[in-house]
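Structural features, examined
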Amino acid sequence: MVDDGRVQDVQGGLDDLAGEAAVLRVYRQAFAVLAREAEKMILSPQLLDVDEAILSAFAASGSDGLTEEQVRNACRAFPEATVSRRFEVLKGYGAVSKVFERPNERFYRAAFAPYIMLLFLRRIAERGGQSELHQLLSMEHESVSAPAATDADGRASVERLTQVFRLIANELSIMSLGADVAQLRENAQLLWGNEALISRAERVHATVLERWPALDRECQWMRAALAAYRDAIDAAAGRLIERAGTTRALGLLPAEEWRSFARTADTARLGAVLDTFVFDAPAPWFDPQVMTEAVETGGRPDTARMPPPRPAGDADAAGEPEAAAAVDQDGIRSAVEELLATREFIKIEDVLRVAPDWASARRVLAQLTAAHLDPALPYTLTWDEGLDVAESASPAWVTPGRLTRDQEAS
Amino acid sequence: MTTPTTTDPVRSKKHTSPTSPSRPTGPDDTALAWARARAGGPLRVPAGTPAPAGMLRLPEPSGDVAWLVPQVPETADTRVLAELGLAGPLLEQPNDTARLLAAVLRCCWEDPLAVIWPGTSAGSAAVLAVFGELTGPRDEMAHRRSAVAALRRLDQAGWLLWDETGDTIRLGPRVALWSGSELTTLRQLWRSMPEPASLPGSAS
């Protein structure tokens, strides 16, 4: 999009100046999203999120524009101070400007260039800029093949591509010389392995050379840049393969490479990849070493698991709940004994109906059930069939049953 | 679980196999045999069947049947799984199962200097006695339970042949896949284990 303002050298003078000013304006707008404050670059990706939120607020606002307060309200998910600081930066770079240029204007509008820049940034961050490079190459090829293209277009195109490939080749060869392998593997995947990239660039090169043979010097530079890129790829690949050794490091190639191979290869070739990957029937394999270890660790009785040593303080903590349970047990026992008195059993319905209100009947029932469930207490609760209904009584219905004191335990 | 010949669908189909013993093995038969072995483990075939490419043919001592065991090159066997960091087939109670296989090895591999296949058959009492030595003192029921579970697992995977009605145990065809260096390790293991005849309760 920076190319939009390409200088037209047909007319000189003021037109030139106007064109340059237009380029500068778009350039400043586009890079506003990268600026933390005037003259400084953005450092944290969170600020990009804030920018995106501000720009999407403008996108949603319609043709009226937004006041600064409305923008802050729309971006209330972010800290207000950050939002207003970003708003100032965007304003300073001209990415956000007043709807009408007059004092006391409260409504602002946003330019589209910064948002496109954001999209590019995110894509490049995700895929390392490779698909952008492919698109750039297609665009360059189209522009040099266009009937209206002049030799100046061809020269500019070739020069741009030369620079791109020089930059990539330098980065790659510096990395393959100096960086450690892990770093190389991480970054190199995004930079190398692009025969398609090179062949596209060569197609641009061939078109330019055929149409404008006078540009042979520029084309020579481009050939050199491409060769340097290819050498850098080989060096990086050589270093990686040397370090990868015999392990089947499938991460050696970028995932796209595997995917396109899987799509384009014929069945025989695809099958050949797995020739060495036939595994034995899905049955466990016994490695003699493992067997020996299993046998050696087997017979020893002292390998029985010991509880891990506890800190001394733990003893108190462990003792406490037990004591609490014992108190509870005693409480239940005394409560049940109180109900039983001298009898061997009591009827549940009698006990519950005697209780003054529903809540206390419930408490009694809970105690009887607890007494039955506690194996340490000699009480058994048995329920009969049926339902005893009494309209005026406190629990309106009761299932009859009896609580018995176990003979042998008491 | 009954005898392996009736439980395993692949093995039980051996006589209905269209592969005639006289015909040389073609690529289709090879692929078929590999697929069968992949699904069902070692194949039991009539004795005259030629071995498909890459398969090991192990004749039974009785002479009328043979086993076909897939033998992949060393660069493609289960060690590759470890190299790739992938999990192999899940094995329950791996330690007890390995101990039981060691016990069977001690009982059925009479002379550790001889070839490991086919070995001799041993009574389950002897195997259980050695297994008991390897696992250490255990509750009788727990001991028996873990032994039977391990026997079933190993029988299913072709590591041993368990004749449940005859109560005898033999080494399975898969043991022929151990390489020379692995057999050396196993010989050491063999010598470290107690002799079944010396153990009480091993008389079958």
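Just so it is clear, the model here is predicted, and its values are computed rather than measured. (Residues numbered from 1 in each chain as written. Chains lettered and ligands numbered in written order. Predicted model: local features only at pLDDT ≥ 70, side-chain atom pairs only at ≥ 80, totals over all residues.)

Assigned secondary structure in chain B consists of eight helices and six strands. When its helices and strands are written in sequence order, chain B yields α-α-α-β-β-β-α-α-β-α-α-β-β-α. For chain B, the residues scored as buried account for 36% of the 204 residues in total. Counting contacts in chain B only where the partners sit at least 6 residues apart, residues at least 24 apart contribute 62% of the total. (Helix = DSSP H or I, 4+ residues; strand = E, 2+ residues; numbered from the N terminus. Buried ≥ 20, exposed ≤ 12 C-beta atoms within 10 Å, placed from the backbone. Contact = placed C-beta atoms within 7 Å.)

Take helix α5 (residues 94–108) of chain B next. End to end, α5(B) covers 21 Å across 15 residues, agreeing with the expected 21 Å (1.5 Å per residue, within 8%). The buried fraction of α5(B) is high, at 13 of 15 residues. (Expected span 1.5 Å × (residues − 1).)

Packing of helix α13 (residues 288–298) of chain A against helix α8 (residues 180–192) of chain B brings their axes to within 9 Å, and their N-to-C directions diverge by 15 degrees. Here α8(B) runs roughly parallel to α13(A), going by the angle between their axes. The hand of the α13(A)/α8(B) crossing is left-handed. Two secondary-structure elements touch here, α13(A) through Pro288(A), Gln289(A), Met291(A), Thr292(A) and Val295(A) and α8(B) through Glu182(B), Thr185(B), Leu186(B) and Leu189(B). (Axes fitted to C-alpha atoms, helices over the stretch in contact; angles between N-to-C directions. Parallel < 35°, antiparallel > 145°, perpendicular 65-115°, else oblique. Left-handed = near helix turned anticlockwise from the far one by under 90°.)

Right, let's talk about the sheet that holds strand β4 (residues 122–123) of chain B for a bit. All names here are of chain B. Taken together, the three strands give an open sheet; going across it, the order is β4-β6-β5, and neighbouring strands pair in antiparallel fashion. Bordering the open sheet on either side are β4 and β5 (160–163), each of which pairs with just one other strand. Direction of pairing for β4 relative to strand β6 (residues 168–171): antiparallel, over a ladder of two bridges. Its bridge partner being in β6, Ala122 is matched across the sheet by Ile169. (Pairing = 2+ DSSP bridges.)

Another point: unusual backbone geometry. Note that the residue after Trp117(B), namely Pro118(B), is joined by a cis bond; omega there is 0 degrees. With respect to the helices and strands, the residue Pro118(B) is situated in the loop between α5 and β4. Backbone geometry at Ala341(A) places phi at a positive 55 degrees, although glycine is not the residue there. Assignment of secondary structure puts Ala341(A) in the loop between α14 (314–340) and β3 (345–347). Its identity is not glycine, yet Asp167(B) carries a phi of approximately 60 degrees, on the positive side.

For the rest of this paragraph, the subject is the sheet that holds β3(A). Sheets are built from strands paired through backbone hydrogen bonds, the pairs being either parallel or antiparallel. All names here are of chain A. With antiparallel pairing, the three strands of this open sheet are ordered in space as β3-β7-β4. Looking at strand neighbours, the two that pair on one side only are β3 and β4 (379–383), the edges of this open sheet. Across this sheet, the average inter-strand angle for adjacent strands is 15 degrees, counted without regard to direction. Pairing analysis gives five bridges linking β4 to strand β7 (residues 401–405), with the strands arranged antiparallel. Counterpart to Tyr379 in the pairing with β7 is Arg405. Of the strands in this sheet, β4 and β7 are in contact with helix α16 (residues 358–373), which crosses β4 at around 115 degrees.

Another point: the nonpolar core. Grouped together as the largest cluster of nonpolar side chains are 39 residues, with contacts concentrated most on Leu100(B), Leu101(B), Ala102(B), Ala103(B), Val104(B) and Val127(B). Elements with a minimum of two residues in this core: α13 of chain A together with α5, α6 (124–135), α7 (140–156), β5, β6 and α8 of chain B. For this core, the element with the highest residue contribution is α5(B), accounting for nine residues. Dropping the residues within four chain positions of it, Val127(B) is found in contact with Ala103(B), Val104(B), Cys107(B), Ala122(B) and Ile169(B). Formed by 26 residues, the second largest nonpolar core is a distinct cluster that contains Leu133(A), Val144(A), Met175(A) and Leu215(A). (Core = buried A, V, L, I, M, F, W, Y, C linked by C-beta atoms within 7 Å.)

Attention now goes to the confidence of the model for chain A. Residues and elements named next belong to chain A. Residues of chain A with pLDDT of at least 70 account for 70%, and the chain-wide mean is 75. Under a pLDDT of 50 for its full length, residues 1–11 has, in the predicted model, 16 contacts with residues more than four places off or in other chains. The model gives residues 314–324 a pLDDT under 50, and that stretch makes zero contacts with residues more than four places away or in other chains. (pLDDT = per-residue confidence, 0-100.)

Across three bridges, β3(A) lies against β7(A) in antiparallel orientation. Across the sheet, Ile346(A) pairs through a bridge with Leu403(A), a residue of β7(A).

Residues and elements named next belong to chain A. Structurally, Glu218 can be placed in helix α10 (residues 216–244). Overall, Glu218 belongs to the buried group, with 22 C-beta atoms counted inside 10 Å. For Glu218 and Arg155, which are 63 residues apart along the polypeptide, the C-alpha to C-alpha distance reads 6.9 Å. Apart from the residues within four sequence positions on either side, Glu218 is in contact with Arg155, Val158 and Glu159.

Quick look at the packing of helix α7 (residues 151–178) of chain A against helix α9 (residues 195–211) of chain A now. All names here are of chain A. The interhelical angle for the contact between α7 and α9, taken along N-to-C directions, is 150 degrees, at an axis separation of 10 Å. Taken together, the axes of α7 and α9 are roughly antiparallel relative to one another. Seen from above, α7 lies across α9 with left-handed handedness. For the pair α7 and α9, contact is made by Gly154, Ser157, Val158, Leu161 and Phe165 and by Ala201, Val204, His205, Val208 and Arg211, respectively. Within the contact of α7 with α9, the residues separate by chemical class into six nonpolar, three polar and one charged. (Nonpolar A, V, L, I, M, F, W, Y, C, P; charged D, E, K, R; others polar.)

The next subject is the confidence of the model for chain B. Residues and elements named next belong to chain B. Put simply, chain B has an average pLDDT of 79, and 86% of its residues get 70 or more. Here residues 1–22 is a poorly scored stretch, pLDDT under 50, and it has 30 contacts once near neighbours within four places are set aside; other chains count. Predicted complex metrics record ipTM = 0.76 and pTM = 0.38.

Residues and elements named next belong to chain A. Position of Ala376 among the secondary structure elements: in the loop between α16 and β4. Given 11 C-beta atoms within a 10 Å radius, Ala376 is considered exposed. Separated by 47 residues in the primary sequence, Ala376 and Gln329 have C-alpha atoms spaced 8.5 Å apart.

With that out of the way, let us pick up α9(A). Owing to its 3.6 residues per turn, the α-helix aligns residues three or four sequence positions apart on the same side. Residues and elements named next belong to chain A. Compared with an ideal rise of 1.5 Å per residue, which puts 17 residues at 24 Å, α9 spans 24 Å between its outermost C-alpha atoms and is within 8% of the ideal. Within the sequence span of α9, burial applies to Leu197, Ala201, Val204, His205 and Val208. The arc that holds every buried residue of α9, seen down its axis, measures 100 degrees, which confines them to one face. Away from its buried face by more than 90 degrees, α9 exposes Glu195, Ala196, Ser199, Ala206 and Glu210. (Arc of directions from axis to C-beta.)

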